[in-house]
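# Examining the three-dimensional arrangement
Spelled out from the first residue to the last, the chains are:
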Amino acid sequence: MNAPGEEKTAREDKVAREEKALREVTTRLVDDYGDAYPAERVEAVVGAVRKRFEGHSVREFVPILVERLARRELDPKRSMNAATEADLVEAAEAAPGSAAETTSVFAAVAGRFVPARLVENKRALGVIAAGVVVVLAFAVVMTVRQPNSSAPGTAAPALTVVHGVVGSEKSAFFDDPKVAEALAGHGLKVEVEPAGSRQIAATVDLGKYDFAFPSSSAAAELVQRKAGVTGKYVPFSSPMAIATFAPIADLLTRAGIVTPGPTTTFDIEKYLALADTGVQWNQLEGNSTYSVPKNVLVSTTDPRTSNSAAMYLAVTAYVANDNTVVRGARAEDHAVSRVSRLFTRQGYTESSSDGPFKDYLANGMGTVPLAWIYEAQYVDAAIHDQLKPDMTLLYPQPTIMSQHTVVPLDAKGDTLGKLLTTDPTLQHLAATHGFRPTDLTQFTTLTTAAHLPIDATLLNQVPPPDYDTLEHLLTAVANSYN
């Protein structure tokens, strides 16, 4: 028999373990649902659910059930009307204790779902009691049937590894542990290598991969031609935008290029007229904040390797062609004669979109006063608190939508493409990384909560040129570097 002091110490240790387990549950739920609810809301739900189990030993059991029920409360797609068999099985498999301990857990579960008004009805109570006996028997059977289900060293089911090459702006999405967890729930482990979308389409050895994931329909079409496949999925998209700083936006507002409003816009036609004259920043009227002898240019990636630069070319060529889709050799030559200098005057350019945006975040307007980016990059940085106070987003008028397109190269890639397009969890996680999923409300809900001035409608969009026209434009611009 233990001494009174030892029993007190054991009780205190037990309470400490209980509180630690519940704190871990709360932290996990705040991490998972923090994008949809304030932390206080999540904590309140956990507290309310915990009260349902007052009087029951916590140990390893109740935190598991608290988490299950709290997730039901926080996720409206989950049913909250009854304890399903799946819940009982999960709890039984997760419970590493004795049959008696497991019985107490299932008694708590059963008690949670017995309406109080039935307790006054003896006949109904008898039926309920019989049901509880069945539940408890099931619990004991599960405990005996899987005694080693959580034993240390038990190997987890093997995951199917899916290899892919993706546009660099999607690296953060695939590196996200929540994305990896969601994919693992479907039996997949996805390993990716980043590359510029033009590189993916033109130079990458596709034979090493199960899927390619460039950032536009044009690049995807080239991948399909090269690989001899026809399937594709578009799980999310992102319009092109310009990341800048408040002082730069003010300068360009006085120059008539930027127009402030609920969403701030950047006039491509007026910008082209300014760029045609070779105006430098220190020549802008009233410039006392960025008076440097550099051309007023938007910084892009290399159009020979990167899709984001190809999208910039598509927009500027459209405007240079009197706001008309470029079609035919004469129109192509005219457009290139105006827009090639937008690239060649920049100097060194990165091969993929991740580099310029990292420069923008880290080095300020001294190196990148105007950065041509995917909207998703800016929104992702805003959601994850990476922006500085004077950073701002401009929407080009017109802009163009980048369709991030999965091209499956085998059956494993096809499975992944379907999941990214249809799985609600993966679609929500895409929105948390700034992409516009197929259900746009997930995106607008997140951006509204983050107080981001996002243009959800994007009425003024350029239709993307066909594959061959874009190739001709890119080749002409590439030749202009020489």
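Per chain, the residues get numbers from 1 upward, laid out in the order the sequence is written. Whole-chain, interface and lining totals are the exception, using all residues; otherwise, since this is a predicted model, local features are given only for residues with pLDDT of at least 70 and side-chain atom pairs are given and counted only at 80 or more. Just so you know, side-chain values use all the structure's heavy atoms and leave hydrogens and water out.

### A few points about the overall build of the protein chain
Rule in force here: Runs of E in the DSSP output that reach at least two residues are strands. Runs of H or I that reach at least four are helices, and both are numbered from the N terminus. For the exposure calls, accessible area comes from a 1.4 Å probe over protein chains only, and a residue counts as buried if that area is under 20% of its type's maximum, exposed if over 50%, partly exposed in between. Working rule for contacts: check all heavy atoms of both residues, and any pair within 4.5 Å makes them a contact. All accessible areas in this document rest on Shrake-Rupley with a 1.4 Å probe, and a residue is counted as covered only by the protein chains that are shown.
Summing up its helical and strand segments, the protein chain has 20 helices and 10 strands in all. In the protein chain, buried positions account for 46% of the 482 residues. Contacts in the protein chain between residues at least 24 apart in sequence constitute 75% of all its contacts with a sequence separation of at least 6. If you sum the accessible surface of the protein chain, you get close to 22900 Å²; carbon and sulfur atoms cover 53% of it.

### So, empty space enclosed by the protein
Any empty space left between atoms is shown by rolling a water-sized probe over those atoms. Heads up, the condition is: Cavities and pockets were defined on a 1 Å grid built from protein atoms only: a cavity is a group of points that admits a 1.4 Å probe but offers it no way out, a pocket is an open group of points flanked by protein on both sides within 12 Å along at least five of seven lines, and a lining residue is one with an atom within 4 Å of any such point. Grid points are joined across faces, edges and corners, and a volume is the space filled by probe spheres set on the points. We call Asp, Glu, Lys and Arg charged. Ala, Val, Leu, Ile, Met, Phe, Trp, Tyr, Cys and Pro are nonpolar, and the rest, Gly among them, are polar.
A full pass over the atoms with the stated rule returns four cavities of 30 Å³ or more. It is helix α13 (residues 307-320) that contributes the most residues to the lining of the second largest cavity, three residues altogether. Taken together, the residues of the lining of the second largest cavity sort by class into nine nonpolar, no polar and no charged.

### Observations concerning the environment of Asp250
Relative to the helices and strands, Asp250 is located in helix α11 (residues 246-254). Of the residues examined, Asp250 reaches a relative accessible area of 44% and is grouped as partly exposed. Along the primary structure Asp250 and Thr289 are separated by 39 residues, whereas in three dimensions their C-alpha atoms are 9.7 Å apart.

### A look at the nonpolar core
In plain terms, the rule: Among the buried residues, those of types Ala, Val, Leu, Ile, Met, Phe, Trp, Tyr and Cys that are joined through side-chain atoms within 4.5 Å form a nonpolar core.
Leu252, Phe266, Trp281 and Leu370 are the most contacted members of the largest nonpolar core, which has 73 residues in total. The greatest single-element share of this core, amounting to 11 residues, is contributed by α13. In this structure Phe266 touches Ile242, Leu252, Ile257, Val258, Tyr271, Val298, Leu370, Leu394, Tyr395, Pro396 and Gln397, once residues within four positions along its chain are discounted. Counting 22 residues, the second largest nonpolar core, distinct from the first, contains Val162, Leu188, Ala376 and Leu419.

### Structural notes on the packing of helix α18 (residues 424-432) against helix α19 (residues 440-449)
How we decide: Inter-axis angles, ranging from 0 to 180 degrees, are taken between N-to-C directions of lines fitted to C-alpha atoms, where helices are fitted over the stretch in contact. Put simply, angles under 35 degrees are roughly parallel, angles over 145 are roughly antiparallel, angles from 65 to 115 are roughly perpendicular, and the rest are oblique. If you view the pair so one helix is near and one far, a crossing is left-handed when the near helix is turned anticlockwise from the far one by less than a right angle, and right-handed when it is turned clockwise.
Closest axis-to-axis distance for the α18/α19 pair is 9 Å, and the angle between their directions is 40°. Judged by the angle between their axes, α18 and α19 are oblique. Two packed elements cross with a definite hand, and for α18 against α19 that hand is right-handed. On α19, the residues touching Pro424, Gln427, His428, Ala431 and Thr432 of α18 are Gln442, Phe443 and Leu446. When grouped by side-chain class, the residues that make up the contact of α18 with α19 number four nonpolar, four polar and no charged.

### Some words on the side chain of Thr244
Note the following rule: N or O atoms closer than or at 3.5 Å make up a polar contact, with two conditions inside protein: a donor-capable atom paired with an acceptor-capable one, and, for residues adjacent in sequence, both atoms drawn from side chains.
When you line up the elements, Thr244 lands in strand β4 (residues 233-245). At 2.7 Å, the side chain of Thr244 and the backbone oxygen of Pro369 are in polar contact.

### Remarks on helix α16 (residues 375-383)
With nine of its nine residues buried, α16 lies for the most part within the structure. For α16, the full list of buried residues reads Glu375, Ala376, Gln377, Tyr378, Val379, Asp380, Ala381, Ala382 and Ile383.

### Some thoughts on the environment of Tyr467
Within the secondary structure, Tyr467 sits in helix α20 (residues 467-480). Discounting chain neighbours no more than four positions away, the residues touching Tyr467 are Ala218, Glu221, Leu222 and Arg225.

### Here we look at the packing of aromatic side chains
Quick note on the threshold: Stacked, edge-to-face and tilted are the three classes for Phe, Tyr and Trp ring pairs, Trp counted by its six-membered ring, which pair at centre distances within 6.5 Å; planes under 30 degrees apart are stacked, over 60 edge-to-face, the rest tilted. When the NZ atom of lysine or the CZ atom of arginine is within 6 Å of a ring's centre and also within 35 degrees of its normal, the charge is said to sit over that ring.
Overall, the coordinates contain 12 aromatic pairs when judged by the stated rule. Grouped by ring-pair contacts, the aromatic residues Phe173, Phe174, Phe211, Phe213, Phe236 and Phe435 constitute a single cluster. Across from the ring centre of Phe213, 4.6 Å away, lies the NZ or CZ of Lys170, which sits over that ring.

### What about the side chain of Thr447?
Mapped onto the fold, Thr447 is located in helix α19. In this structure Thr447 comes out as buried when scored by relative accessible area, which is 4%.

### So, the pairing of strand β1 (residues 160-167)
Going by this rule: Note: two strands are recorded as paired if DSSP finds a minimum of 2 bridges between them.
Looking at chain direction, β1 and strand β2 (residues 188-195) are connected through eight bridges and run parallel. Bridge pairing in β2 places Gly164 opposite Val192.

### What about the packing of helix α12 (residues 268-276) against helix α14 (residues 329-344)?
Where α12 meets α14, the closest approach of the two axes is 10 Å, and the angle between their N-to-C directions is 75°. It follows from the interaxial angle that α12 and α14 lie roughly perpendicular. Together, Tyr271, Leu272, Ala273, Ala275 and Asp276 of α12 and Arg338, Arg341 and Leu342 of α14 make up the contact between the two elements. Its residues assigned to classes, the contact of α12 with α14 comprises five nonpolar, no polar and three charged.

### Some points on the pairing of strand β7 (residues 371-374)
Side chains Ala371 and Ile373 project from β7 onto one buried face, and the interleaved Trp372 and Tyr374 project onto a second face that is buried too. The pairing of β4 with β7 spans four bridges and is classified as antiparallel. Note that in β7 the partner of Ile242 across the bridge is Trp372.

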